[in-house]
Amino acid sequence: MFKKMMFSTAICLGLVFSMQQNCFAQEKTKDELKAEREVLKSEMKSKEAVERKAKFEKLEAPKASGVASVDQLATSSTSILTSTKDINTQVPEMYKRTIGETVDGVTDVTVKKPTAAELATLALTIATQIKAVADASASVATASADVKNASPMQAPKATKALNYSKEALALAGPELQLNLKVINNLIATLKSANNN
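Model, not experiment: these values are computed from the prediction.

1. A closer look at the side chain of Thr189
Working step 1: Along the polypeptide, Thr189 turns up in helix H7 (residues 155-194).
Working step 2: Judged by relative accessible area, which is 14%, Thr189 ranks as buried.
Working step 3: Residues contacting Thr189, with those up to four places away along its chain left out, are Leu33, Arg37, Thr98 and Ile99.

2. Some details on the packing of helix H5 (residues 116-138) against H7
Working step 1: Running from N to C, H5 and H7 cross one another at 155 degrees; their axes reach a closest spacing of 9 Å. Taken together, the axis directions place H5 and H7 in an arrangement best described as roughly antiparallel. The handedness of the crossing between H5 and H7 is left-handed. Packed against H5, whose contacting residues are Ala116, Leu119, Ala120, Leu122, Ala123, Ile126, Gln129, Ile130, Val133, Ala136 and Ser137, the element H7 presents Leu169, Ala172, Gly173, Leu176, Gln177, Asn179, Leu180, Ile183, Leu186, Ile187 and Leu190 at the interface.

Calculation rules
Residues numbered from 1 in each chain as written. Predicted model: local features only at pLDDT ≥ 70, side-chain atom pairs only at ≥ 80, totals over all residues. Heavy atoms only, no water. Helix = DSSP H or I, 4+ residues; strand = E, 2+ residues; numbered from the N terminus. Buried < 20%, exposed > 50% of the residue type's maximum accessible area, 1.4 Å probe, protein only. Contact = heavy atoms within 4.5 Å. Axes fitted to C-alpha atoms, helices over the stretch in contact; angles between N-to-C directions. Parallel < 35°, antiparallel > 145°, perpendicular 65-115°, else oblique. Left-handed = near helix turned anticlockwise from the far one by under 90°.

Given below as C-alpha cells:
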C-alpha cells in the first residue's frame, strides 16, 4: 500500500515538474503561447468543465460514518474540494491580470500584472493539491474494503461517504490538471513578455 502511494505520488510530481520544465525549456513563441491559451480557454468554458463546476457546488460533505478510513478519506476529499474551488476563483483572476482580458475575452487593462512569484506560488499550490488527490485516491481501496466489513448500522453512511469521496476526487483531478496547464501557460507568457 505504501509503495503504491509513493509510486503514485512520484508519478504525479514528476508529471507536474516535467510540465513546468517543458513550459520553460521549449521557449514557445508568443503566437504559440496565444494558440495554447485559446485551446485552454475552450477547455475552461467547455460543457465538461461547466458541468464539473456545477457538481462541485452541489457536493455536500457527509456526516461521520463511524468507519475511520472512510471518514478520514471524506475529510481529505472535502479539503481538496474546498481548495479546488478556491483555486478555481484564483486562476481566472490570474489569467485576467496576466493577459489583460477575461477568459470570456472582455478587455481589462486596469489590473496589475501578477509577478512570476505569485504565479509560481499558485502553481505549487495546485501541484500540492494534485498530489493530495493522488494520495487520497490511493486510500479508496482500503476504505472500500472497510465499508464491506462495516456493521449493518454503519454501512449505509459509510457507503454514502465513500461515494462522496470518489466523486469529489474524480471532479477535482481533471480540474486541477487544467488549472495547472493554464498557470504554466501564464508563467511562460509572463516570462516571454519580460524577455522583450
